Amino acid sequence: MHSAHLTRRRAALLLLAAQTLLPVAMAQTPRFPTAPIRMLVGTPAGGTTDVIGRLVAQKMGENLGQQVVVENKAGAGGLIAAESVAKAAADGYTLLMAPAQLATYRALYPGTTLNPETDLQPLGLVATTPYVMVVHPSLAVKSLPELIAHAKAHPGQVSYAGSTPGGAQHLAWEQIKRSAAVDMQFIPYKGTAALMPDLLAGRLQAGIDNIAVLAPYVKSGQLRGIAVTSAKRTDLLPEVPTVADSGMPNFQAIGWFGVFTTGKVPAAVLSALSGAVEAAVNSPDMRSRLAALGAEPQSGKAEDMRAMLSRETATWTRVIQEAGIKVQ
């Protein structure tokens, strides 16, 4: 009887111990997130990256049940924001809304220790944007082959720009110049807003920039669209052929936008974040708002973002090195 009483007592103590330990075990895998999340954007407020970042942040916040707060941390073409996220605590509370420039940092800034492919973890590919090549109507060319012929007849006399030096728009120009073996004069500007007055006035003869920015000027006749840089034509300017259609097969240069976090985030946190990005991108209102910005909504999947970054890094590193492009 005495031994049976001891056995019952031992069983009761074991049950009590198990109940006490259960919350401890659960506490080791806490619900995520339990506090607001920061999303760094490496451009000033109001630009395309910032606008898309805020759309994604709002939707992610709804999906995660916690606010995702956008912080603009401009500088060095977005490199400062990317480095900040790479060095942040690996807890999933610091995100990066990155544009296509992420693929160029290692080649353009030899002083950086950042390797986006290993120091950042992709969460999802949000959208892509085609660029359009335009000329001022005072330049008597109506197609890319005509522009190349004109530039060959007047070496060094055609001026061109593309947003900021080392940006995807500038690199698209360099790839076209090298493919066509033409000599044209690059004029550096600090962003699209800075170059637009000169382009519209004809002081700058040609430009490549985001189609959402330039399409209204093409439609009004203030600028002439001669080629889009994406692999296929765009609904925004359906009559404008691609660069590939204009004599440069397989040419593609696009803007893209994706969400990343710090490289060593735990798997459960990573799963929650990437799921929130994918759900955000695939919501119908998000896709219609992206389309209204001239952006083409993508899958929202992490693996698609990883593949895009890898491909773009290889392409633009080669162009930067061959063209000897340096950022001042």
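For the structure itself, consult the block above.
About the cut-offs
- Residues numbered from 1 in each chain as written.
- Predicted model: local features only at pLDDT ≥ 70, side-chain atom pairs only at ≥ 80, totals over all residues.
- Heavy atoms only, no water.
- Buried < 20%, exposed > 50% of the residue type's maximum accessible area, 1.4 Å probe, protein only.
- Helix = DSSP H or I, 4+ residues; strand = E, 2+ residues; numbered from the N terminus.
- Pairing = 2+ DSSP bridges.
- Right-handed = clockwise from strand over helix to strand, strands pointing away.
- Arc of directions from axis to C-beta.
- Contact = heavy atoms within 4.5 Å.
- Salt bridge = Lys/Arg side-chain N within 4 Å of Asp/Glu carboxyl O.

Caption draft 1: The pairing of strand β1 (residues 37–41), seen in detail. β1 sits mainly inside the fold: four of its five residues count as buried. Relative to strand β2 (residues 68–72), β1 runs parallel, the two being bridged by five bridges. Bridge pairing links R38 to V69 in β2. In the classification by handedness, the crossover that spans β1, the intervening helix α2 (residues 48–64) and the parallel β2 is right-handed. Across four bridges, the pairing between β1 and strand β3 (residues 94–99) is parallel. Residue pairing in the sheet places L40 in a bridge with L96 of β3.

Caption draft 2: Broad picture of unusual backbone geometry. Here the residue pair F32 and P33 is connected by a cis peptide bond, since its omega of -5° sits within 30 degrees of zero. Tracing the sequence through the fold places P33 in the loop between α1 (2–27) and β1. Despite not being glycine, S163 shows a phi value in the positive range, around 45°. With respect to the helices and strands, the residue S163 is situated in the loop between β5 (159–161) and α7 (168–180). Even without a glycine there, the phi angle at N250 is positive, about 70°. Its place among the elements puts N250 in the loop between β8 (224–228) and β9 (254–262). You can call N250 exposed: its relative accessible area is 77%.

Caption draft 3: How the structure looks around helix α6 (residues 144–153). Among the residues making up α6, those that are buried are L144, L147, I148 and A151. With its buried residues spanning 100° around the axis, α6 presents them on a single face. The inward-facing, buried residues of α6 abut β4 (120–135), α7 and β8.

Caption draft 4: Main features of the pattern of salt bridges. Overall, the coordinates contain eight salt bridges when judged by the stated rule. K59 serves as the salt-bridge partner of E62, at 3.5 Å between the closest nitrogen and oxygen. Of the two residues, E62 and K59 both sit in helix α2, three residues apart, roughly one turn of that helix. With its nearest N and O atoms 2.9 Å apart, the salt bridge here joins E278 to K301. Note that E278 is positioned in helix α10 (residues 267–281) and K301 in the loop between β10 (296–297) and α12 (302–323), a separation of 23 residues in sequence. The exposure class of E278 is partly exposed, given its relative accessible area of 28%. By relative accessible area, which is 31% here, K301 ends up partly exposed. Each of K59, E62 and D285 takes part in salt bridges that share partners, so that together they form one network.

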